[in-house]
Amino acid sequence: MNSFDLVIRNGTVVTAADTSICDIAVRDGRIVAMGEGLEAGREEIDASGQFVLPGGVDAHCHLDQPMGPGVQMADDFESGTRSAACGGTTTVIPFAAQEKGASLKAAVEDYHRRANGKSCIDYAFHLIISDASQDVLVRELPELIEAGYTSFKIYMTYDDLKLDDRQILETLAVARREGAMTMVHAENADCIAWLTETLEAIGHTAPRYHADARPSIVEREATHRAISLAELVDTPVLIVHVSGREAIEQIRWAQGRGLRVYGETCPQYLFLTAEDLDKDGFEGAKCVCSPPPRDKANQAGVWDGLENGVFQVFSSDHAPFRYDDDKGKKAAGDTAPFQYIPNGIPGIETRLPLLFSEGVLGGRIDITRFVALTATNPARIYGLYPRKGTIAIGADADIAIWDPKVEWTIRNAELHHNVDYTPYEGMQLRGRPVTTISRGQVVWRNGQFKGTAGQGRFVPCERPQPARPRGESRGF
Ligand code: URP
Ligand code: ZN
Ligand code: ZN
């Protein structure tokens, strides 16, 4: 009997640090050898002329997340992770969201029920803390962090989710004490509410006014405030879905001061602009997400941030709502004012191909940075490394083999999510993952999904930073 289950031969293996041509051997779902001329495996893949990359870690996506009444996400764990796998992603970190007034642990239990038996690839959970009660801060959150839920998102906007500055400080203090990572949705809620009412009063309610209600200044102010609150508490913070130059300047300023401030951006801020919200009729609703896409100059700023290291993480922020659906974008009707349109756009399958084509083959970022942004850094920042996010002996055999010569056109009909549109319809790309391997099992090969619902496992996360018990400094 061969000692290897699978050998991938002659590929150009890329990590966040190195590129080398070698073979990779897999046994029992893990990488067990790397080198030249490895002995035969029971299964063999010839990757000559192709790139062998760590499978992507999508550290910001929303799957089967309970929404308000009458609104439903289009993707559950089965369709969402199937789509992710077909786009070269092997780990997702979606959100177990607390309802205001409800238990955080109950949200985690509910979310496990939604994922269990359905996920086609491995998954971890971030928490969403919408109610920073004493019970949550003193008991539930520390216990959940200990159990492997070591990152959480907090919101500075959305009435049903937002925390005020005092609540943010108290939550950051728990992150510091317990060694967790805090992700912040940084937009100023009061500015948005005031602008929305002002726009509505003059009849400006079409989807395109969503962008006017959430201008860059609103994001910039909240980004600066989130950074300041984190500096006060002395704990790291990661600003999610950064849309353009003004917020980037705040993050770069903080990084220049030596603060542990991380930045994440997403494909919509590279490939869409506010003009995509200004389509005929209600079509602009397809691109309503927050923060909104900006303009070409901001797109260029986001590309710069990927190139020069301001951003560490590139995620999809896949938030799937069907367009032609009374539980999706049209939940409040097909003429609803913009503030009633569910926020978010799909992109879990197109995240990596878009960045590979325009970033790597377009000459903007090198392939090791691509790996860092899309796999290694998110795995490190959220406590999954080195099991996930790299190619190394001992790591899970989560691998995407990319053919840089394939040319293809994005067609929603050929994607594997359950959304009835993609904002990137018709875009011509170069390069594509031709094989995706999840813990040693081929889940995507030559245009066919080969995985099964339920083969993905929950992966608890390590603490991303050392816990710093109360009293060590300033009494936090
Ligand atoms: O518009 C967006 N980004 N919707 C998803 C939820 C979030 O805030 O990430
Ligand atoms: Zn958000
Ligand atoms: Zn999101």
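Note that the coordinates shown come from a computational prediction; the quantities given were computed from them, not determined experimentally. (Residues numbered from 1 in each chain as written. Chains lettered and ligands numbered in written order. Predicted model: local features only at pLDDT ≥ 70, side-chain atom pairs only at ≥ 80, totals over all residues. Heavy atoms only, no water.)

A. Geometry of the overall build of the protein. Scanning the protein from N- to C-terminus turns up 12 helices and 19 strands. Its C-alpha atoms give the protein a radius of gyration of 21 Å, near enough to 23 Å, the size a compact globule of 476 residues would have. Relative to its 476 residues, the protein shows a buried fraction of 60%. In the protein, 78% of the contacts between residues at least 6 apart in sequence involve partners at least 24 apart. As displayed, the protein has an accessible area near 17600 Å², and 45% of this comes from carbon and sulfur atoms. Counting 50 positive and 66 negative side-chain charges, the protein places the averaged centre of each group 3 Å from the other. (Helix = DSSP H or I, 4+ residues; strand = E, 2+ residues; numbered from the N terminus. Rg over C-alpha atoms; globule rule 2.2 N^0.38 Å. Buried < 20%, exposed > 50% of the residue type's maximum accessible area, 1.4 Å probe, protein only. Contact = heavy atoms within 4.5 Å. Areas by Shrake-Rupley, 256 points an atom, 1.4 Å probe, with all protein chains shown as cover. Lys, Arg positive; Asp, Glu negative; His and termini not counted. Charge placed at Lys NZ, Arg CZ, Asp CG, Glu CD.)

B. Quick look at the site of ligand 1. Close to ligand 1 lie 13 residues, the nearest being His62, Lys153, His185, Ser290 and Asp317. Asp317 places a side-chain nitrogen or oxygen 2.7 Å from a nitrogen atom of ligand 1. Here an oxygen atom of ligand 1 and a backbone polar atom of Gly344 are 3.4 Å apart. Compared with its free state, where it exposes 260 Å², ligand 1 has 94% of that area covered by protein. (Near = heavy atom within 4 Å. Polar contact = N/O pair within 3.5 Å; in protein donor to acceptor, adjacent residues only side chain to side chain.)

C. Molecular detail of the side chain of Ser130. Secondary-structure assignment places Ser130 in the loop between β10 (126-128) and α3 (134-146). Here the side chain of Ser130 touches Gln98 through a polar contact of 2.7 Å, landing on its backbone oxygen.

D. Quick look at helix α7 (residues 216-233). Compared with an ideal rise of 1.5 Å per residue, which puts 18 residues at 26 Å, α7 spans 26 Å between its outermost C-alpha atoms and is within 8% of the ideal. Where α7 is buried, its residues meet α4 (165-178), β12 (181-185), α5 (189-201), β13 (237-239), α8 (245-256) and β14 (261-265). (Expected span 1.5 Å × (residues − 1).)

E. Local environment of the coordination of the zinc ion (ligand 2). Those donors, Lys153 (NZ), His185 (ND1) and His241 (NE2), are the protein atoms that reach the zinc ion (ligand 2), and they lie 2.1 Å from it. Between the zinc ion (ligand 2) and the zinc ion (ligand 3) there is a metal-metal distance of 4.0 Å. Residue Lys153 is found in strand β11 (residues 151-155), and its partner His241 is found in the loop between β13 and α8; the two are separated by 88 residues along the sequence. Judged by its relative accessible area of 1%, His241 falls in the buried class. (Donors = N, O, S within 2.8 Å, 3.2 Å for Na, K, Ca; no water.)

F. Inspection of the coordination of the zinc ion (ligand 3) at higher detail. Those donors, His60 (NE2), His62 (NE2) and Asp317 (OD), are the protein atoms that reach the zinc ion (ligand 3), and they lie 2.0 Å from it. Here the zinc ion (ligand 3) is ringed by four donor atoms whose angles at the metal span 90 to 119°, and the overall shape comes out tetrahedral. Each donor residue of the zinc ion (ligand 3) belongs to the same chain, with the gaps between them written as H-x1-H-x254-D. Taking the relative accessible area as the measure of exposure, His62 reaches 6% and is therefore buried. (Tetrahedral: all angles 85-135°; square planar, octahedral: opposite > 155°, others 65-115°.)

G. Representation of the packing of helix α11 (residues 351-360) against helix α12 (residues 367-381). Packing of α11 against α12 leaves a shortest axis separation of 10 Å and a crossing angle of 155°. Comparing the axis directions of α11 and α12 gives the class roughly antiparallel. Crossing geometry of α11 relative to α12 is assigned as right-handed. Two secondary-structure elements touch here, α11 through Arg351, Leu352, Leu355, Phe356 and Val360 and α12 through Ile367, Phe370 and Thr374. Residue composition of the contact of α11 with α12, by class: six nonpolar, one polar and one charged. (Axes fitted to C-alpha atoms, helices over the stretch in contact; angles between N-to-C directions. Parallel < 35°, antiparallel > 145°, perpendicular 65-115°, else oblique. Left-handed = near helix turned anticlockwise from the far one by under 90°. Nonpolar A, V, L, I, M, F, W, Y, C, P; charged D, E, K, R; others polar.)

H. Representation of the sheet that holds strand β9 (residues 122-123) in the model. What the three strands build is an open sheet, ordered β6-β7-β9; its pairing is parallel. Here the strands that pair on one side only, and so sit at the sheet edges, are β6 (56-58) and β9. Bridge count for β6 against strand β7 (residues 89-92) is three bridges, and the pairing is parallel. Considered in β7, the bridge of Gly56 is made with Thr89. (Pairing = 2+ DSSP bridges.)

I. Spotlight on the sheet that holds β11. Taken in spatial order, the seven strands make up an open sheet running β8-β10-β11-β12-β13-β14-β15, and their pairing is parallel. In the strand order of this sheet, the two ends are held by β8 (95-97) and β15 (313-314), each with one partner. As paired elements, β12 and β13 share three bridges and run parallel to each other. For Val184, the partnering residue across the bridge sits in β13 and is Ile239.

J. Main features of the pairing of β11. Counted residue by residue, β11 has five buried out of five residues, so it is predominantly covered. Neither face of β11 is open: one carries Ser151, Lys153 and Tyr155, the other Phe152 and Ile154, and all of them are buried. Summarising the sheet, β11 and β12 pair through five bridges and their orientation is parallel. From the neighbouring strand, Phe152 faces β12, where its bridge partner is Thr182. Viewed along the sheet, the connection from β11 through α4 into β12 turns out right-handed. (Right-handed = clockwise from strand over helix to strand, strands pointing away.)

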